[in-house]
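For reference, the chains in residue letters:
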Amino acid sequence: MTDTKKTAQLSLNGETYELPIFSPTTGPDVLDIRKLYGQAGVFTYDPGFTSTASCDSTITYIDGGKGELLHRGYPIDQLASKSHHLEVCYLMLYGELPTAAQLEDFETRVTRHTMVHEQMHNFFRGFRRDAHPMATLVGVVGAMSAFYHDSTDINDPWQREVAAIRLIAKLPTIAAMAYKYSIGQPFVYPRNDLDYAANFLHMCFSVPAEEYHVDPILARAMDRIFILHADHEQNASTSTVRLASSSGANPFACIAAGIACLWGPAHGGANQACLEMLKEIGSVDRIPEFIERAKDKNDPFRLMGFGHRVYKNTDPRAKVLKQSADEVLELLGVENNPLLQVAKELERTALNDEYFIEKKLFPNVDFYSGIILEAMGFPTSMFTPIFALSRTVGWISQWKEMIADPQNKIGRPRQLYLGETERNYVDIESR
Ligand code: SDX
């Protein structure tokens, strides 16, 4: 960040305080309030951190007003159409697009780490078969620190690098194992001759009883979903990873914490919730009923897959996913999928409704991803695990950036206390 020597003045209790202003390479200026409590004895108040920059970063930039998303400066629609997930992983981890030689080396390193320790197969057996795959994912990823103890020392740059590669490489394998375990089918080992997305589809959908050929169009759509979910600035799960990491916890524990946070329906769990909502709506003629429920303050129902904390115009990822949805559904001959018809009519109705226009609510990344994944044959319970494996590179890139930051210290927010002041204990006989 550039120290602009600009300052903001805060007048409080007859005193004036100078707050330094820092300017970014692009986006809003920030007020440096790090010394405010020490100087003025007051906290700032920002539940949900809607006006708070928790860190500085060089990885992802979002302009919510323009609907702009850049990864290391490259627009998401260019990356989604011209790149592939492992190249985007390289870009996020190291800051630049790789040369052909760098990419080949990186892909080889990731490919060689896609298998998991054989003992992990037993670890899965402790779960009920009907466990939600996200429960399995949180447990198994957290347990990776017990299997890969030689890449848990966060002060060793080489171990940090190995942990990052292991997580990017093994999350698809673990997510596929969680799926196979939930449907009672045998685990499928990764194959080094398949690319990242094709390998994931192979591990999910192949069975020992017959050959499985990955359709290149489905693999491309899968890869695009990975790219579009890869990172998203300081969202709830990334902030969770950063906060967990600030205590010095090992990378596997930090990513498990991010997976747990992503699970919520207001965040990464929205893709599953969105599909379940579309199924509950069931037909186009029931859309008005649900639109009215979403507008009713007394009804907790919200249109899942709509709205965003930052985007107040359009989610650029949803635009790309909408194209993918049309391609995949046409390939699968389900372009007349009733869910897609409901989704498209719901989108059209909401975008023309005064409430949604005024509240700036529109389809987000989760709205179309669920439709594509459903058409590809995934159960709704696998939608958020796929989001989690895609976001692993974003989490671990932000983790690496934070660990390497000399300003890094434990995160410790304060509060506005509204509880009782000191009072004496009362014996039960006197209560
Ligand atoms: C992701 O942060 C990220 O970057 C996240 C993410 C990422 O890549 O990491 O982009 C991924 O999480 C996408 C969002 C997925 N969640 C959903 O689709 C769930 C449904 N959406 C809402 O829960 C909500 O829109 C949020 C949580 C996404 C955003 O909430 P905000 O910005 O904090 O908005 P809000 O809750 O303050 O709502 C503002 C107003 C409210 O009405 P008022 O109180 O002002 O009268 O809009 C209304 C809300 O009631 N509103 C909705 C709505 N979302 C907000 N009304 C109906 N349906 C909705 N979906």
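What you see is a predicted model; the values in this text were computed from it and never measured.

About the criteria used
Residues numbered from 1 in each chain as written. Predicted model: local features only at pLDDT ≥ 70, side-chain atom pairs only at ≥ 80, totals over all residues. Heavy atoms only, no water. Helix = DSSP H or I, 4+ residues; strand = E, 2+ residues; numbered from the N terminus. Rg over C-alpha atoms; globule rule 2.2 N^0.38 Å. Buried < 20%, exposed > 50% of the residue type's maximum accessible area, 1.4 Å probe, protein only. Contact = heavy atoms within 4.5 Å. Areas by Shrake-Rupley, 256 points an atom, 1.4 Å probe, with all protein chains shown as cover. Lys, Arg positive; Asp, Glu negative; His and termini not counted. Charge placed at Lys NZ, Arg CZ, Asp CG, Glu CD. Near = heavy atom within 4 Å. Polar contact = N/O pair within 3.5 Å; in protein donor to acceptor, adjacent residues only side chain to side chain. Nonpolar A, V, L, I, M, F, W, Y, C, P; charged D, E, K, R; others polar. Pairing = 2+ DSSP bridges. Core = buried A, V, L, I, M, F, W, Y, C linked by side-chain atoms within 4.5 Å. Axes fitted to C-alpha atoms, helices over the stretch in contact; angles between N-to-C directions. Parallel < 35°, antiparallel > 145°, perpendicular 65-115°, else oblique. Left-handed = near helix turned anticlockwise from the far one by under 90°. Phe/Tyr/Trp six-rings, centres within 6.5 Å; stacked < 30°, edge-to-face > 60°.

**Student:** Any chance you could explain the overall build of the chain here in plain terms?
**Tutor:** In terms of helices and strands, the chain carries 18 helices and 6 strands. In terms of overall size, the chain behaves like a compact globule, its C-alpha atoms giving a radius of gyration of 23 Å where 431 residues would be expected to give roughly 22 Å. Burial status across the chain gives 49% buried among its 431 residues. Here the analysis covers contacts within the chain between residues at least 6 apart in sequence; of these, 69% occur between residues at least 24 apart. Carbon together with sulfur atoms contributes 52% to the accessible area of the chain, which is approximately 21300 Å² in total. If you average the places of the 42 positive and of the 54 negative side-chain charges in the chain, the two averages end up 2 Å apart.

**Student:** In this structure, what is going on with the site of the ligand? I would like to understand it.
**Tutor:** Residues in close proximity to the ligand total 25 residues, the closest being H232, G305, H308, R317 and R391. Take F306: an N or O atom from its main chain is 2.9 Å from a nitrogen atom of the ligand. At 2.7 Å from an oxygen atom of the ligand is found a side-chain nitrogen or oxygen belonging to R391. In isolation the ligand exposes 1000 Å². Once the protein is present, 78% of that is buried. For the shell around the ligand, a count of residues per class yields 10 nonpolar, 7 polar and 8 charged.

**Student:** Is there a simple way to explain the sheet that holds strand 4 (residues 60-63) in this structure?
**Tutor:** On the basis of which strands lie adjacent, the open sheet formed by 3 strands has the order 4-5-6 and antiparallel pairing. Where the open sheet ends on each side, the last strands, each with one partner, are strand 4 and strand 6 (74-75). Here strand 4 runs beside strand 5 (residues 68-71); their pairing, made up of 4 bridges, is antiparallel. Looking at the pairing, T60 lines up with H71 of strand 5.

**Student:** Just checking my understanding: could you explain the nonpolar core for this structure?
**Tutor:** In terms of nonpolar packing, the biggest core is built from 114 residues, with V141, F200, M222, L278, L303, L346 and F378 touching the most fellow members. Here this core gets 14 residues from one element, more than from any other, and that element is helix 7 (residues 157-182). The residues touching V141, leaving out its near neighbours within four places in the chain, are L167, L171, I174, F252, I255, A256 and I259. Grouped together as the second largest cluster of nonpolar side chains are 6 residues, A8, L19, I21 and A40 included.

**Student:** Sorry if this is basic, but what is going on with the environment of I259 here?
**Tutor:** For I259, the location among the structural elements is in helix 11 (residues 251-262). Given the relative accessible area of 0%, I259 is considered buried. Considered as a pair, I259 and T384 are 125 residues apart in the sequence and their alpha carbons are 9.0 Å apart. Filtering out sequence-adjacent residues up to four positions away, I259 remains in contact with M134, L137, V138, V141, L171, A388 and W395.

**Student:** Would you mind going over the packing of helix 17 (residues 365-375) against helix 18 (residues 383-403) with me for this structure?
**Tutor:** To describe two helices that pack against each other, one gives the angle between their axes and the distance between the axes. Between helix 17 and helix 18, the least distance of the axes is 10 Å, while the angle of their chain directions is 110°. Here helix 18 runs roughly perpendicular to helix 17, going by the angle between their axes. The handedness of the crossing between helix 17 and helix 18 is right-handed. Contacts between helix 17 and helix 18 involve D366, G370, L373 and E374 from the former and F383, I386 and F387 from the latter. Classifying every residue of the contact of helix 17 with helix 18 gives 4 nonpolar, 1 polar and 2 charged.

**Student:** Help me out: how do you make sense of helix 3 (residues 85-94) in this one?
**Tutor:** Helical geometry note: an α-helix holds 3.6 residues per turn, so side chains three or four residues apart project in the same direction. In terms of burial, helix 3 is largely enclosed, as 9 of its 10 residues are buried. Among all positions in helix 3, only H85, L86, E87, V88, C89, Y90, L91, M92 and L93 are buried. G95 occupies a position one or two residues after helix 3 and carries a positive phi of about 95°.

**Student:** Teacher, can you tell me more about the environment of L97 here?
**Tutor:** Mapping L97 onto the fold places it in the loop between helix 3 and helix 4 (100-111). In this structure, the C-alpha to C-alpha distance between L97 and Y74, residues 23 residues apart in sequence, is 9.6 Å. Beyond its immediate sequence surroundings of up to four residues, L97 is in contact with Y74, E87, Y90, L91 and Q102.

**Student:** For this particular structure, what's the right way to read the side chain of T384?
**Tutor:** Its place among the elements puts T384 in helix 18. Only 3.2 Å separates the side chain of T384 from the backbone oxygen of G268, close enough to count as a polar contact. Not counting residues up to four positions away in its chain, the partners in contact with T384 are M134, L262, W263, G268, G269, N271 and Q272.

**Student:** I tried to follow the packing of aromatic side chains on my own but got confused; where do I start?
**Tutor:** Given two aromatic rings, their pairing is described by the distance between the two centres and the angle made by the two planes. Within the structure shown, the criterion is met by 19 aromatic pairs. An angle of 85° between the planes, with centres 5.6 Å apart, marks the rings of Y90 and F106 as edge-to-face. Of this pair, Y90 sits in helix 3 while F106 sits in helix 4, placing them 16 residues apart in sequence. Judged by its relative accessible area of 12%, Y90 is buried.

**Student:** Before we go on, may I ask you to explain the side chain of D353 in this structure?
**Tutor:** Position of D353 relative to the elements: it lies in the loop between helix 15 (338-351) and helix 16 (354-358). Apart from the residues lying within four places of it in its own chain, the contact partners of D353 are I291 and K295.

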